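Take a look at the letters that make up each chain.
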Amino acid sequence: MSQETPKKVGFLIVGLGGNNGVTLTAGYLANNRCLEWETSQAGRVSGPNWNGCITQLEPRGDHGGVGFKGRYPLADAGQAAIGGWDIRPTALGDALYESRVLDYDLVRQVRESMNAIPIMKGVYDASFLGETQHPTATHIVTETPTLGAKVEHLRNDIRTFIRDNEVDGHTTVIWSASVERPADVNFVSAESLLGAIDNNDECDISPSMLYAVAAALEGCSFVNGGSQNTLSPAMSELFETSYRQDLKLYEKVSTKPAYLLGTDFKAGQTKFKTAAVEYIRSLGLKPRVIASSNHLGNNDMLNLTSKKTVEAKMRVKSNIFGPWDEDELDHQVRVMYTKFMLDEKRDVVEYTSLGFLHCPHTMLTYTRCMDSVLCVPLMVDAAIWCDYFARMDAQSSTVARATAYLFKVPEGAATGVDPGFFRQMQELEKALQYVTSGPSQRDQNEVKALVDKGMAAGIITADQASSLLAL
C-alpha cells in the first residue's frame, strides 16, 4: 500500500486512432503544453483544462463535491504516457483532423506531434465487427496465427510501452474500439479460458478477450468501454491476484493488483437517464414509459449499422434500470447513423410517469454534445482510479463498485449496484473512505456492517447488537 503519487501512469487505448483516442491524445498534449487556441463559442482559451475529469478537478463550493483532486493523492493525467493499438493505419494527427471533434486552431497545433506517435498493430477478427469496418482493417497482427501467440504479442506490446515510456505507476488498457458482436462462449473458470487460448480451440474468443487476458497477465487493469460481453466470471477470476500467484501456464506473470471494469461507458444520454429516473423515483412517481432516440455519424455508430453488432449495444442500453425492478416500465431505445452529424450526438428522451391519483407527469430532454468530449473524461478517470486503488491494494469488488458510475451496465463484481448516478457516487465515496482508513477502522466497519445485516435479518436483537459492538 502506497500513498505516494507516481510520476507517470499509463493509458493504453485499444482503438487509439478512433475519435475517443485522438481526442484524449490531443487533450493530453494541450494540457501538458499549456496551449492556447481560438474556439467558436468561448473565445480564446488555454490549457490545462480537465473539465469532466473528476479526478483532475478540485472540490468547490461550501459543501465540496465536483472534484477529488487534493482530497486524495491522485496521479496527474497531464503527466501520463499514452499509447495503444488500432486496426487502421491512419496517423493520429490526421485522424484528429478528419474527426472534426475539436476546434481547428487546436488541431493544427498538435497534428504534427500526434502524427509522430506510433500506433501498434491491432488484433483483428473480422467476424466480430460490422462489415463497414472490414475495408480499412489493414494495420493488423498477422505474424501470430494462434490465440496464444496473439496474447504473447500483446503482452510484449504492453511491456515495451511501459519500459520505453518509463511508466512507474499503474497502466490501464482501455477498450475504445468499435463494439464487437457478443461472443458465443461461456467459460466457467479462468483455467478453462486460458486452456482454450493455449490450445487454440475453435471457440468464439473475441479480440477484446485477448486484450483483457494480456492486461491481466501483465498486472494492468482492463476497462471495457464497449458493449460486448468481454467480462465474465472466468475473466474476473484471472484478475484476482491470488489466482495469478499460482498460474504456471505463462511465464513472468505479474501479481500486481489489477482490475476488470465495465461495461460500456455511461457518458451522455444514459448517464442523464439514470439521474432523471432517480429523480422521478425520489418524488414517489411511477415511471411508465421512457422513449429515447439518438443519432450521430461517427465510426462507432457506422459499425452499429450491422445487426450483429447493434445487438450488443442494445443489450446494455435497454438494461440500465435492471436492479430497480420497474416491471411496468416500457423503455424504448432507437439509435440512428446520420453521417452528416459526425461525432456530434443529438438525443431526445421523453419520460412519462404516473403521479398522485394516476395523473400523468411528463418530462422532455434534448442534448447536444460531441460524443468523444463526453467519453474521454471517463477514460481518464478510469485509469486514474485504477492507479490509485492499485497503490492502495484495494480489493477487486471494492474497485468495481466504486467505479460503477462510469458504465451503463456495471458488470463483474459491480453487478447489481444501484443504477442511480448519485447512489453510485456514494459508492465511490464509501470505497475511498474504506481504502484510506487504517486496518483497525476497517475491521470495525466490517463488524458493524455484519451486525447491521444480522439485525435486519432478525437474527440478533438491538441489545445483542449493542453488546457485540461494545466488545
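Residues numbered from 1 in each chain as written. Predicted model: local features only at pLDDT ≥ 70, side-chain atom pairs only at ≥ 80, totals over all residues. Heavy atoms only, no water.

**Observations regarding the overall build of the protein chain**
Okay, step 1: Along its length, the protein chain carries 16 helices and twelve strands.
Okay, step 2: Relative to the compact-globule value of 23 Å for 471 residues, the protein chain shows a C-alpha radius of gyration of 23 Å, a close match.
Okay, step 3: Counting only residues that meet the buried cut, the protein chain has 53% of its 471 residues in that class.
Okay, step 4: Of the contacts made within the protein chain by residues no fewer than 6 positions apart, 74% connect residues no fewer than 24 positions apart.
Okay, step 5: Total accessible area on the protein chain stands at roughly 21500 Å², and carbon and sulfur atoms take up 51% of it.
Okay, step 6: The positive charge centre, built from 45 side chains, and the negative charge centre, built from 57, are 3 Å apart in the protein chain. (Helix = DSSP H or I, 4+ residues; strand = E, 2+ residues; numbered from the N terminus. Rg over C-alpha atoms; globule rule 2.2 N^0.38 Å. Buried < 20%, exposed > 50% of the residue type's maximum accessible area, 1.4 Å probe, protein only. Contact = heavy atoms within 4.5 Å. Areas by Shrake-Rupley, 256 points an atom, 1.4 Å probe, with all protein chains shown as cover. Lys, Arg positive; Asp, Glu negative; His and termini not counted. Charge placed at Lys NZ, Arg CZ, Asp CG, Glu CD.)

**Re the side chain of asparagine 294**
Okay, step 1: By the secondary structure assignment, asparagine 294 is in strand β9 (residues 286-296).
Okay, step 2: Look at asparagine 294 and you get buried, because its relative accessible area is 1%.
Okay, step 3: If we ignore the near neighbours within four places in the chain, the residues touching asparagine 294 are Gln269, Met301, Lys317, Arg334, Val335, Met336, Lys345, Arg346 and Asp347.

**Details of the environment of threonine 415**
Okay, step 1: Positionally, threonine 415 belongs in the loop between α13 (396-402) and α14 (421-436).
Okay, step 2: Taking the relative accessible area as the measure of exposure, threonine 415 reaches 55% and is therefore exposed.
Okay, step 3: A sequence separation of 105 residues divides threonine 415 from valine 310, and the C-alpha atoms of the two residues are 22 Å apart.
Okay, step 4: A distance of 2.9 Å separates the side chain of threonine 415 from the backbone oxygen of glycine 412, its partner in a polar contact. (Polar contact = N/O pair within 3.5 Å; in protein donor to acceptor, adjacent residues only side chain to side chain.)

**Looking at a nonpolar patch on the surface**
Okay, step 1: A contiguous nonpolar surface patch, about 320 Å² in accessible area, is contributed by Val348, Leu364 and Tyr366.
Okay, step 2: Locating tyrosine 366 in the fold gives a position in strand β12 (residues 360-370). (Patch = residues over 30% accessible without salt bridge, like charges linked within 9 Å, V, L, I, M, F, W, Y side chains within 5 Å. Salt bridge = Lys/Arg side-chain N within 4 Å of Asp/Glu carboxyl O.)

**Examining the environment of methionine 314**
Okay, step 1: Structurally, methionine 314 can be placed in helix α11 (residues 307-317).
Okay, step 2: Measuring from C-alpha to C-alpha, the distance between methionine 314 and aspartate 204 comes to 20 Å, with 110 residues separating the pair along the chain.
Okay, step 3: Other than its neighbours up to four places away in sequence, methionine 314 contacts Val333 and Val335.

**Concerning unusual backbone geometry**
Okay, step 1: The omega angle of the peptide bond from glycine 47 to proline 48 is 5 degrees, so this bond is cis rather than trans.
Okay, step 2: By the secondary structure assignment, proline 48 is in the loop between β3 (44-46) and β4 (81-86).
Okay, step 3: Cis geometry marks the peptide bond from glycine 262 to threonine 263; its omega dihedral reads 20 degrees.
Okay, step 4: Take threonine 263: it is sitting in the loop between β8 (260-262) and α9 (269-282).
Okay, step 5: Despite not being glycine, arginine 100 has its phi angle at roughly 55 degrees, a positive value.
Okay, step 6: Among the structural elements, arginine 100 can be located in the loop between α2 (92-99) and α3 (104-115).
Okay, step 7: A positive phi angle, close to 55 degrees, is found at asparagine 200, a residue other than glycine.
Okay, step 8: Summarising the element assignment, asparagine 200 is placed in the loop between α5 (190-198) and α6 (207-217).

**Quick word on the nonpolar core**
Okay, step 1: Phe11, Phe68, Val380, Phe389 and Leu428 are the most contacted members of the largest nonpolar core, which totals 68 residues.
Okay, step 2: Only β1 (10-14), α1 (19-32), α2, α3, α12 (371-391), α13 and α14 provide two or more residues apiece to this core.
Okay, step 3: For this core, the element with the most residues is α12, which contributes 13 residues.
Okay, step 4: What leucine 428 contacts, discounting residues up to four positions off in sequence, is Ile54, Phe68, Trp385, Ala402 and Tyr405. (Core = buried A, V, L, I, M, F, W, Y, C linked by side-chain atoms within 4.5 Å.)

**Regarding the pairing of β4**
Okay, step 1: Most of β4 is tucked away, with six of its six residues classed as buried.
Okay, step 2: Every second residue of β4 is oriented toward a common face, with Ala81, Gly83 and Trp85 on one face and Ile82, Gly84 and Asp86 on the other, all of them buried.
Okay, step 3: As defined by bridge partners, β1 adjoins β4 across five bridges and the pair is classed as parallel. Bridge pairing links isoleucine 13 to glycine 84 in β4.
Okay, step 4: With two bridges connecting them, β4 and strand β5 (residues 120-121) associate as parallel partners. When the bridges of β5 are listed, aspartate 86 appears paired with lysine 121. (Pairing = 2+ DSSP bridges.)

**What about the sheet that holds strand β7 (residues 221-224)?**
Okay, step 1: Read across the open sheet, the six strands follow the order β5-β4-β1-β6-β7-β8; overall the sheet is parallel. Pairing within the sheet leaves two strands with one partner each, and these edge strands are β5 and β8.
Okay, step 2: Pairing between β7 and β8: three bridges, direction parallel. Within the sheet, the bridge partner assigned to asparagine 224 lies in β8 and is glycine 262.
Okay, step 3: Relative to β7, α6 is tilted by about 155 degrees, and along the sheet it contacts β1, β4, β6 (171-175) and β7. (Axes fitted to C-alpha atoms, helices over the stretch in contact; angles between N-to-C directions.)

**Things to note about α6**
Okay, step 1: Burial analysis of α6 places eleven of its eleven residues in the buried class, which makes it a mostly covered element.
Okay, step 2: Inspection of α6 places Pro207, Ser208, Met209, Leu210, Tyr211, Ala212, Val213, Ala214, Ala215, Ala216 and Leu217 among the buried residues, and these make up the whole buried set.
Okay, step 3: Backbone geometry just downstream of α6 places glycine 219 in the positive-phi region, at approximately 70 degrees.

**Examining the packing of aromatic side chains**
To describe a pair of aromatic rings, you give the distance between the ring centres and the angle between the ring planes.
Okay, step 1: Applying the stated criterion to the full structure yields ten aromatic pairs.
Okay, step 2: Both rings, one in phenylalanine 421 and one in phenylalanine 422, keep their centres 5.4 Å apart while their planes meet at 75 degrees; by these two values the pair is edge-to-face.
Okay, step 3: Under the relative-accessibility criterion, phenylalanine 421 is labelled buried at 18%.
Okay, step 4: Feature note: the residues Phe68, Tyr72, Trp385, Tyr388 and Phe389 constitute an aromatic cluster, connected by ring pairs.
Okay, step 5: Above the plane of the ring of tyrosine 97 lies arginine 100, whose end atom (NZ or CZ) is 4.4 Å from the centre.
Okay, step 6: Between the NZ or CZ atom of arginine 111 and the centre of the ring of tyrosine 97, over which it lies, the distance is 4.4 Å. (Phe/Tyr/Trp six-rings, centres within 6.5 Å; stacked < 30°, edge-to-face > 60°. Lys NZ or Arg CZ within 6 Å of the ring centre and 35° of its normal.)

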